Amino acid sequence: MLTLKRLTKRYKTGDLALQEVTLDIPQGQVVGLIGPSGAGKSTLIRCINRLVEPTAGTVQLKELNLTSLSQTALRRARRHMGMIFQEYALVERLTVMENVLSGQLGYVSFWRSLLRRFPTPAVQQAFAVLDRVGLLDHVDKRADALSGGQRQRVGIARALLQNPDLLLVDEPTASLDPKTSRQIMRLITEICAERQLAAIINIHDVALAQLFVQRIIGLRQGQVVYDGAPDGLTAEVLTDIYGAEDWSATIRKEPVEEPPVAEEEEPLPEKKLAVAR
Amino acid sequence: MTDISPASALTHYSQKRPWGHFVALLAILLLVAASFFAADWDVTSLTEAQKRAQALGRMTLWLGAFSSPELSGEFLKHSWELTLQTLSAAILGTAIAVVLGFLLAIGSARSVCVGEENAVSWRRNFPLRSPSAVLCSACRLLQDVLRAVPDFIWAIILVALIGLGPLTGALALALNITGILAKVYSELWDSIDEREYEQVRVLGAGRLKTFLYGIRPLAARSVLSFTLMRAECAIRNAAVIGAVGGGGLGAEIWYQVRFGAWDKVSTLILFTLFLTLTVDLVSNSIRRQLRNDPNHPQAVKSRSTFATLSRAYVSAAVILIAFTWSFWFMGWGNNAAPGGESRNYLKPAAELVSGDSWGNLRFFQRLLHPDLDLAVLGRGDTEAAAQFRAGGKAVSLFDNYGPLEFYRPAAWVAWEGELQKWFVWRVIKSSTVPLAIAVVGTLLGMLGAILLTYPHTLAFQLEPDQFTGETSHPLIRLLRFIHMTAARIVGLIARGVPEVMWAFLFIAFFGPGLVAGTIAISIHSMGVLVRVFSETVDNIPYRRFEQSFMGSRMACFGSVAAPISWRDWMTYTFFQFESNVRAAVVLGIVGVGGLGFFFTFNFEWFRFEKAGTYLLMMVALTITIDRISRMLKLSRVRR
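- As annotated in an unreviewed UniProt entry, chain B is ABC transporter permease subunit from Pelovirga terrestris.
- What UniProt records for chain B under Subcellular location (unreviewed entry) is the sentence "Cell membrane".

- Per an unreviewed UniProt entry, chain A goes by the name Phosphonate ABC transporter ATP-binding protein and belongs to Pelovirga terrestris.

## Some points on the overall build of chain A
Here comes step 1: Each helix and strand in chain A was counted, giving 10 helices and 10 strands.
Here comes step 2: Relative to a compact globule of 277 residues, whose C-alpha radius of gyration would be 19 Å, chain A shows 19 Å and is just as compact.
Here comes step 3: Across its three principal directions, the C-alpha atoms of chain A cover 50 × 45 × 35 Å.
Here comes step 4: Within chain A, counting contacts between residues at least 6 apart in sequence, those at least 24 apart form 70% of the total.
Here comes step 5: The distance from the centre of the 34 positive side-chain charges to the centre of the 33 negative ones in chain A is 10 Å.

## Comments concerning the sheet that holds strand β8 (residues 198–202) of chain A
Residue and element names in this part refer to chain A.
Here comes step 1: Read across the open sheet, the 6 strands follow the order β6-β7-β8-β3-β9-β10; overall the sheet is mixed. Pairing within the sheet leaves two strands with one partner each, and these edge strands are β6 (81–84) and β10 (223–228). Sheet twist, expressed as the mean angle between neighbouring strand axes with direction ignored, is 20°.
Here comes step 2: As paired elements, strand β3 (residues 30–34) and β8 share 4 bridges and run parallel to each other. Each residue of the ladder has a partner; that of Val 31, found in β8, is Ile 200.
Here comes step 3: The sheet strands contacting helix α7 (residues 178–195) are β3, β7 (166–170) and β8, and the helix crosses β8 at an angle near 160°.

## Digging into the side chain of Thr 613 of chain B
All names here are of chain B.
Here comes step 1: Note on placement: Thr 613 falls in helix α28 (residues 608–631).
Here comes step 2: Assessed through its relative accessible area of 3%, Thr 613 is described here as buried.
Here comes step 3: Apart from the residues within four sequence positions on either side, Thr 613 is in contact with Pro 370, Asp 371, Leu 372, Phe 423, Val 424 and Val 427.

## Some thoughts on the interface of chain B and chain A
Here comes step 1: In this assembly, 21 residues from chain B lie in contact with 34 residues from chain A.
Here comes step 2: Roughly 2,600 Å² is buried in total at the junction of chain B and chain A, and carbon and sulfur atoms are behind 53% of that figure.
Here comes step 3: Here chain B is connected to chain A by 1 salt bridge.
Here comes step 4: Across the pair Glu 198 of chain B and Arg 46 of chain A runs a salt bridge, and its minimum N-O distance is 2.4 Å.
Here comes step 5: Of all the elements in the fold, those that place two or more residues in the side of chain B that touches chain A are α10 (198–201) and α11 (207–241) of chain B.
Here comes step 6: Among the elements that take part in the side of chain B that touches chain A, α11 of chain B stands out by supplying 6 residues, more than any other.
Here comes step 7: Its residues assigned to classes, the side of chain B that touches chain A comprises 9 nonpolar, 5 polar and 7 charged.

The rules we used
Residues numbered from 1 in each chain as written. Chains lettered and ligands numbered in written order. Predicted model: local features only at pLDDT ≥ 70, side-chain atom pairs only at ≥ 80, totals over all residues. Heavy atoms only, no water. UniProt positions renumbered as here; feature names shortened; annotations may be inferred. Helix = DSSP H or I, 4+ residues; strand = E, 2+ residues; numbered from the N terminus. Rg over C-alpha atoms; globule rule 2.2 N^0.38 Å. Contact = heavy atoms within 4.5 Å. Lys, Arg positive; Asp, Glu negative; His and termini not counted. Charge placed at Lys NZ, Arg CZ, Asp CG, Glu CD. Pairing = 2+ DSSP bridges. Axes fitted to C-alpha atoms, helices over the stretch in contact; angles between N-to-C directions. Buried < 20%, exposed > 50% of the residue type's maximum accessible area, 1.4 Å probe, protein only. Buried area = accessible area lost by both parts, 1.4 Å probe. Salt bridge = Lys/Arg side-chain N within 4 Å of Asp/Glu carboxyl O. Nonpolar A, V, L, I, M, F, W, Y, C, P; charged D, E, K, R; others polar.

Put into structure tokens, the structure is as follows:
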């Protein structure tokens, strides 16, 4: 469904961030993108929706060649690519609902966006999505009154409101604790399975990636050095991606069952809740 | 990653000399030297004993005349009405300017108007690359013209159009501030990194939606803070713009000065100071709430929906009431002089709509055809050119010295003499006066502000124990508090008194000329700059000071606070320089000389073509400074 052909990006400073990356991702597949800092992971997913303009190569989503689109057509195409960010990228002064509804921004008219009057179907869909990510109780809270895990759920809900075909996920768990990280990763992969969404997830935590994704791509200095199953990540492969290190503690020894689903995130501490409302 | 050997590390550093700093320093020194040579600096009032005595005598007389303000009830009441009139003109002007400036800024902000584009290398800055880029350039040009012509000169032009009165002042302020705000807003929006509003760009929304949901909210606080600073400035200018026909306190001051009624003038000046200082304090307290102070964080309060909404509605209501009141007061308020009748000052605006005033525009067609005096150069009108040549008045640049004799100083003198015959050259030379005033005045103001910043900051006077770990004696704390208060009062007065008033004070001492103008500008700049400088320092988290815990407070200020804030200080100083150039043009009108003086002189003698040339020079001056600053990225716009 998503095909990258010889995608290359050279920054103005001369740094070659991506070197002829060629990939093919079928519908419903969740891909983990690993690699050292500066390997080009962020650049790769930003080249797909052209937040960063690629220097050469093509990106094809279904039948559409994204790299050749005009600005207007690109905007239309971006509606079908949801994106989830490391720092959540919410408007902190708006409520959860308003943040989620802004996912519809690509579809509504200018005047509706100016007056923040979104159409009823969009609002209904927003409620459904918020229910799915477990935030139905927090609809009217301001975004800055939420915990990190809750904010990331708002980010996911907003991406879903775009009705995307593809999710681009940029280090969703980098600012979260280990338990919340797992919950968020589980939520993302479950949603992808329900909706048959393809997803590319940038991630630093190799063990976490192995736990949840179906395929791992390793980048080093802008080149794909590994592309295969999570279980294929041996010490040699990791050395190839990251450089020499004792990897024994990082690699999953044998396939394990996914740990039992933990219940809802722990509530906020009492004090924070008091000022939150 | 390869290891960097010590030797290669050394070459690395030796190759990375900060040439930019040397060049900048050299450029500033050259500018200062040029300002001293290009214009005539008369400091004899300081150096010669006899003149010094005369100047002191003048000053004493002057101050003596002001020492007994008239305090009769009727005149106080009249002054109060005039103060309100000034305030209403300023509010009206600012309100119009905020609306128009916001709209214009949407056009002239590249990130909003042009948005994302694929253009590479030289095409990125080519103005004809797309329709939106053309619109963007056009808006920038309009904003530059509005900004380049000072409010005093807009007032002089508007007086001819709709007559005297506070409305003229308000509209003149509105025109000038529109240009300034449009520039500031668009630069604030442009300086927001594209990555900060990625989440809106990925939604596939258009440029305006990206603006509404991404750019505008991110810049909202700085936009509001800058607007308040401009509003303050508008009120200061409204108080003096009456001198050229803008009504309010300034007009009355000018009127009473002509009669030599110094006691009344002195009362009016006191009212002006009361107005400007109050406004300064009010806007300071609002801006303090808008500031994100890392050392005194406000608890994240998620208020109830009702509280959040009501807060927004209350501020909107206050603004609306202020605007309505200004409008009402301008038209139907009591603005009568003692024994006179009050007038509706909004009437001229109705004439502006009905079309009567536009008849006066005939004059301005002449203003729009600036006299470029081409005949002297031997172009254009052949007959006139021949006449000039016969009379020996034509410019024949290379008659005596060819261009290859550039190494002989005499050649330059002769060339200058020849060029002097060309009117446009004289116009260009007249712009050296405001430039010289602005360069020297801004530099002196900046140095003064840096010195005053140390006692002005909260961090180094009231709360140094939070990062030095010292526990000071209560008496020492009291002493520091007194330091800070004194520094703040100095700053408040320095910026609260309009430049024009400072200029009058120093003209009394130095006589009309460059020196008085420069000192006026430098004192005012010092007051404006010290506030933003010390805000920058107070915005540094105290944790950053902890590295210098073993040093004194002074050492900490010099080695940590100043380097951290340096870049911001330079940006603010440059902004101030730009506005000082315009202020210096205005000071020209009131007696300092140069561009502003020649414009007014020609305008008042109906030599509109010549006045038009001076006007063109003002615009050219501002645009040149603006483009140079953009090229050197002095105003920190990253795109």
